[in-house]
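Take a look at the letters that make up each chain.
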Amino acid sequence: MLVRKLKQSVGKLMNSTIEYPDFTKKIPFPIRHLEFRFDGQNFYNNFYRNAELASAYVTAMSIFLTYGEELVIETARYHRDFVNDPILKQRVTALIGQEAIHSKVHNAFNDQTLANHQYPVRFYRFLAENVFKYGFHRFPQPLKLSLMAGIEHFTAVFAEFAMKHDAEIWAKEIDDKTKGLWMWHFMEESEHKDVAYDVFQLISGNYALRITGFFLASFTIMGLVFAGAVGIPILRRPLNTISPRYWKDVAYSLNVLWNPQNGVFGSTIGHVMEYLRPDFHPNDHDTTVYLQDYKQKLLNPESGLLIPYFTKEFMPKIQAA
Ligand SMILES: [Fe+2]
Ligand SMILES: [Fe+2]
């Protein structure tokens, strides 16, 4: 059984016939503008499952991902010119818009909330700037595109996880702005999860290149961002190194991240590795129901969490190729 499946996969890989999706069946998504006016008040440090190190991973992500988003924007802009399908082209424009606003809003959160709570925002920006300037931004465009698709796979996995486990991942002390920021970001990552992959398959479709981007994205998200997370509690509070309370948190946080039932890494590793399948597609995971639930929680005009911060939304036009 396993051998037959493997043979089928290798056969598909060798023939490498790529089936393009029917873009007319895809659900369009808008570019939403938000103004949170972060002030750092009521910010709760251990907002992710009351775990200091695990929450530090989420905040390290907030600092580093703005650089990933800039890379995604630059790469998407470059490759949009090679996309002939008008609907996919429109989706690329919407992806660029969403990522640009993510980056802008996270930078505001980093400056107005994290920096005011002794997070090493400037130092981490210095590190990230150098990694991206002398590393990722020097990659040739095809590799950048595969890295972009790999990054978007991880954000899609995390978004699906967050939407599925919404009731249990946020500490009850979390403030509305921090919670709204992350829920909005997860919702939009899930809305546009297939765009980078579709562009990569359309323009390149090379399996080895796709997997190279996946490993680079894995190294960045699981390795570099995690290393950043480890530094945060120590840089914020050097006494943590000798605090038994903190080391208890480290054990708790590692469990929160890695346990196979509901850990963000531990329970999603199978989903992450699905990317290695030659016939993988992001839409193999149907997240429509979770997205509807999140839209209701965030955008319901009466009770939506984002309503106080939502300013406008814009749907890019579909233009004939
Ligand atoms: Fe994003
Ligand atoms: Fe994204």
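Residues numbered from 1 in each chain as written. Chains lettered and ligands numbered in written order. Predicted model: local features only at pLDDT ≥ 70, side-chain atom pairs only at ≥ 80, totals over all residues.

The name an unreviewed UniProt entry assigns to the protein is Metal-dependent hydrolase, from the organism Acinetobacter corruptisaponis.

Some points on the overall build of the protein
Counting its secondary structure elements, the protein contains 12 helices and 2 strands. Of the regular secondary structure in the protein, the N- to C-terminal order runs α-β-α-α-α-α-α-α-α-α-α-α-α-β. Taken over C-alpha atoms, the radius of gyration comes to 20 Å for the protein, in line with the 20 Å a tight globule of 321 residues would show. By principal-axis analysis of the C-alpha atoms, the protein measures approximately 60 × 45 × 40 Å. (Helix = DSSP H or I, 4+ residues; strand = E, 2+ residues; numbered from the N terminus. Rg over C-alpha atoms; globule rule 2.2 N^0.38 Å.)

Structural notes on helix α10 (residues 244–258)
Taking 1.5 Å per residue, 15 residues should reach 21 Å; α10 reaches 21 Å between its end C-alpha atoms and fits that length. Every buried residue of α10 is listed here: Asp249, Ser253, Val256 and Leu257. Around the axis of α10, the buried residues are gathered within 85° of arc, so they sit on the same side. In this structure, α10 carries Pro244, Trp247, Lys248 and Ala251 as exposed residues pointing more than 90 degrees from its buried face. (Expected span 1.5 Å × (residues − 1). Buried ≥ 20, exposed ≤ 12 C-beta atoms within 10 Å, placed from the backbone. Arc of directions from axis to C-beta.)

As for unusual backbone geometry
Look at Arg37: it is not a glycine, yet its phi comes out positive at around 50°. Mapped onto the fold, Arg37 is located in the loop between β1 (31–34) and α2 (52–80). You will see that Gln118, though not glycine, has its phi angle at about 65°, which is positive. Mapped onto the secondary structure, Gln118 falls in the loop between α3 (86–114) and α4 (121–134). A residue is classified by how many C-beta atoms lie within 10 Å of it, and Gln118, with 12 of them, is exposed.

A closer look at the UniProt feature "transmembrane region" (unreviewed entry) in the protein
This chain's UniProt record puts "transmembrane region" (unreviewed entry) on residues 214–235. End-to-end, the C-alpha atoms of residues 214–235 are 30 Å apart, and along that stretch the chain is 100% helix and 0% strand. (UniProt positions renumbered as here; feature names shortened; annotations may be inferred.)

Observations concerning the pairing of strand β2 (residues 310–314)
Sparse coverage of β2 is indicated by the burial of 0 of its 5 residues. Sheet topology note: the β1/β2 ladder contains 4 bridges and is antiparallel. Paired with Ile31 across the bridge in β2 is Phe314. (Pairing = 2+ DSSP bridges.)

Structural notes on the environment of Pro140
Relative to the assigned elements, Pro140 resides in the loop between α4 and α5 (141–164). Classification of Pro140 as exposed rests on a count of 7 C-beta atoms within 10 Å. Between the C-alpha atoms of Pro140 and Tyr294, which are 154 residues apart in sequence, the distance is 37 Å.

Some words on the nonpolar core
Formed by 76 residues in total, the largest nonpolar core has its most connected members in Tyr57, Ala60, Phe64 and Met148. When sequence neighbours within four positions are dropped, the list of residues in contact with Ala60 reads Val225, Gly228, Ala229 and Ile232. (Core = buried A, V, L, I, M, F, W, Y, C linked by C-beta atoms within 7 Å. Contact = placed C-beta atoms within 7 Å.)

A closer look at the environment of Leu276
As for its placement among the helices and strands, Leu276 is situated in the loop between α11 (269–273) and α12 (288–299). With 213 residues separating them along the chain, Leu276 and Ile63 place their C-alpha atoms 28 Å apart.

A short note on helix α8 (residues 195–203)
All buried positions along α8 are accounted for by Val195, Ala196, Tyr197, Asp198, Val199 and Phe200. Close packing links the buried residues of α8 with α2, α3, α5 and α9 (207–236). Gly205 lies just past α8 and shows a positive phi near 75°.

Regarding the packing of α2 against α4
Running from amino to carboxyl end, α2 crosses α4 at an angle of 30°, the nearest separation of the two axes being 9 Å. As far as their axial angle goes, α4 and α2 are roughly parallel. In the packing of α2 onto α4, the handedness of the crossing is right-handed. Of the residues in α4, those in contact with Ile63, Phe64, Tyr67 and Leu71 of α2 are Val121, Tyr124, Arg125, Ala128 and Phe132. For the contact of α2 with α4, the per-class residue count stands at 8 nonpolar, no polar and 1 charged. (Axes fitted to C-alpha atoms, helices over the stretch in contact; angles between N-to-C directions. Parallel < 35°, antiparallel > 145°, perpendicular 65-115°, else oblique. Left-handed = near helix turned anticlockwise from the far one by under 90°. Nonpolar A, V, L, I, M, F, W, Y, C, P; charged D, E, K, R; others polar.)

Focus: the environment of Leu291
Within the fold, Leu291 resides in helix α12. Judged by the 20 C-beta atoms lying within 10 Å of it, Leu291 is buried. Note: C-alpha distance between Leu291 and Tyr309 (18 residues apart in sequence) is 19 Å. Once residues lying within four places of it in the same chain are set aside, the contact partners of Leu291 are Met187, Ser190 and Glu191.

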